[in-house]
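The lines below spell out each chain.
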Amino acid sequence: RQRQMCIRDSCIVQMENETGLDRNAALADMRYTFIEGVVAASVVKCHESKEHARSMKIDRILTGKYPALPMFLVVMFLTFYLTFNVIGQWLSDLLQLGIDALTGVVDAALTAYGINPVVHSLIIDGVFAGVGSVLVFLPIIVTLFFFLSILEDTGYMARVAFVMDQLLRRIGLSGRSFVPMLIGFGCSVPAIMATRTLSSDRDRKMTILLTPFMSCSAKLPIYALFTTAFFPRQWRAVVMIGLYITGILCGILYAILLKFTKYKGEPVPFVMELPNYRFPSARSVCQLIWEKARDFLQKAFTIIFVATVLIWFLQTFDMRLNVAASADKSLLAAIGSFIAPLFRPLGFGDWRVSTALITGFTAKESVVSTLTVLLGGDTAALTTLFTPFTGIVFLVFTLLYTPCVAAIAAVKRELGGARAAAGVVLMQCGIAWIVAFAVSYTHLRAHET
């Protein structure tokens, strides 16, 4: 035994002399050398792909601590500028020329045929003026979603949710809530349904209440109509971006109020795997564009068509169902005049404006078709109802007031009752009136001073 111990000690001394380490460090070094040899012989490690390396370089700019938000604003500005000032507006002007030409042909044909004047008015002043006034904005919507679908398909929108997580936590939500709210810029109905993916009931309910503040695509025709009527071309994109930012800011303030009152607590942790950047798929981009165009056309030839015919009927006939001597003697004037005083403090107390806002409950595009029908197809006559400033106040109100009937139905289904849905309607209308009044009052005070 002593001989074995002597041999061991001599081996240890030799090992220390050869390695220049003490016995413990030398033994550890030998163990890890053996382990590394086994790993090298049996484990295959994946090398970093070119796609991942490229994504990491891009993310230093697009998701960095300081450049992330400015880059997001730049991307959104370019998207809106190209949509409302360049591509979308140009295509919309071309479609307007086509609709005007078709309307002229049908008008001449009906006149030559000698059709009844009431029926002639229904077809030209009702259907063509109402539906056509909404249809002309189809290129703008298609162009906007063309750019948004590219941003989503490249993987950038996933990064936006990641970037927004820290900001959303300050108002009581996690970055996961940003995805439904982002969908809300397209349509409130799927956005509200998308909140089902949120694991926290608190986060889900808060997100549902905040989604209507995200301006849906159905409001684009209203924005486009008023910015075209009251603002030069170079300022239209700026006004559009201002409206979207206003909606987001109002949503943030309302979220802070909810955080400290009804929905106290902390949001759930947000974990998300960011995909590599990739070139957008032409198939997925075209599919999204087609879905949005199809939905818009279905609305134009169903809900908006029915609303247009109804508005024409109420405008054409009086209380005794005789042809009204003038528009202000019609059934529609009686209905609109009843609620017009509510909007007088905002600067647009005309019965035609209040009527358009009522039809907006069915579909926001109906606001445009209603005003077009009531103005006899001449959208330039908007200047008789609004000044440039009251036009801005009207845009702020339409930005914030209650979403359409379909969205309210989705709220009722997700929050579980008509009471909650009615609360959303009253809340949105109240906030819209207060904010619009604040804008109007601030302008009047500034003008007086």
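Bear in mind the structure is a predicted one, so any value in this text is a computation, not a measurement. (Residues numbered from 1 in each chain as written. Predicted model: local features only at pLDDT ≥ 70, side-chain atom pairs only at ≥ 80, totals over all residues. Heavy atoms only, no water.)

Novice: Would you mind showing me how to read the overall build of the chain here?
Specialist: Regarding its fold elements, the chain presents 20 helices and zero strands. The C-alpha radius of gyration of the chain comes to 31 Å, more than 25% above the 22 Å expected for a compact globule of 449 residues. If one aligns the C-alpha atoms of the chain with their principal axes, the spans along those axes are about 125 × 50 × 45 Å. In the chain, buried positions account for 46% of the 449 residues. Long-range pairs, those at least 24 residues apart, make up 73% of the contacts in the chain between residues at least 6 apart in sequence. Here the chain has roughly 23800 Å² of accessible surface; of this, 67% comes from carbon and sulfur atoms. (Helix = DSSP H or I, 4+ residues; strand = E, 2+ residues; numbered from the N terminus. Rg over C-alpha atoms; globule rule 2.2 N^0.38 Å. Buried < 20%, exposed > 50% of the residue type's maximum accessible area, 1.4 Å probe, protein only. Contact = heavy atoms within 4.5 Å. Areas by Shrake-Rupley, 256 points an atom, 1.4 Å probe, with all protein chains shown as cover.)

Novice: How should helix α3 (residues 50-62) be read in this particular structure?
Specialist: Residues separated by three or four positions in an α-helix point in the same direction, a consequence of the helix having 3.6 residues per turn. If you check α3, its first and last C-alpha atoms are 18 Å apart, about what 13 residues at 1.5 Å a residue would give, namely 18 Å. Within the sequence span of α3, burial applies to Ser55, Asp59 and Leu62. Looking straight down α3, one finds its buried side chains confined to an arc of 70°; they lie on one side. Those residues of α3 that are exposed and aimed more than 90 degrees away from the buried face are Lys50, Lys57 and Arg60. Turning to α3, the residues buried within the fold contact α4 (68-113) and α7 (156-169). (Expected span 1.5 Å × (residues − 1). Arc of directions from axis to C-beta.)

Novice: So what exactly am I meant to see when it comes to helix α15 (residues 331-339) here?
Specialist: Within α15 the residues assigned to the buried category are Leu331, Leu332, Ala333 and Gly336. Tucked into the core, α15 has its buried residues touching α14 (303-316), α16 (351-359) and α17 (365-374).

Novice: Where do I start with the packing of aromatic side chains in this structure?
Specialist: How two aromatic rings sit relative to each other is set out by the distance from centre to centre and by the angle between their planes. Throughout the structure, instances matching the rule amount to 19 aromatic pairs. Note on Trp433 and Phe437: the rings are 5.2 Å apart at their centroids and 10° apart in plane angle, and the pair reads as stacked. Placement of the pair is Trp433 and Phe437 together in helix α20 (residues 418-448), with a separation of four residues, close to one helical turn. For Trp433, a relative accessible area of 29% translates into the label partly exposed. Each member of the aromatic cluster is reached from another via a ring pair, and the members are Phe226, Phe230, Phe343, Phe348, Phe361, Phe386, Phe394, Phe397 and Tyr401. The ring of Tyr277 carries the charged tip of Arg159 above its face, separated from the ring centre by 4.0 Å. We note Lys364 situated over the ring of Tyr401; from NZ or CZ to the ring centre the distance is 4.6 Å. (Phe/Tyr/Trp six-rings, centres within 6.5 Å; stacked < 30°, edge-to-face > 60°. Lys NZ or Arg CZ within 6 Å of the ring centre and 35° of its normal.)

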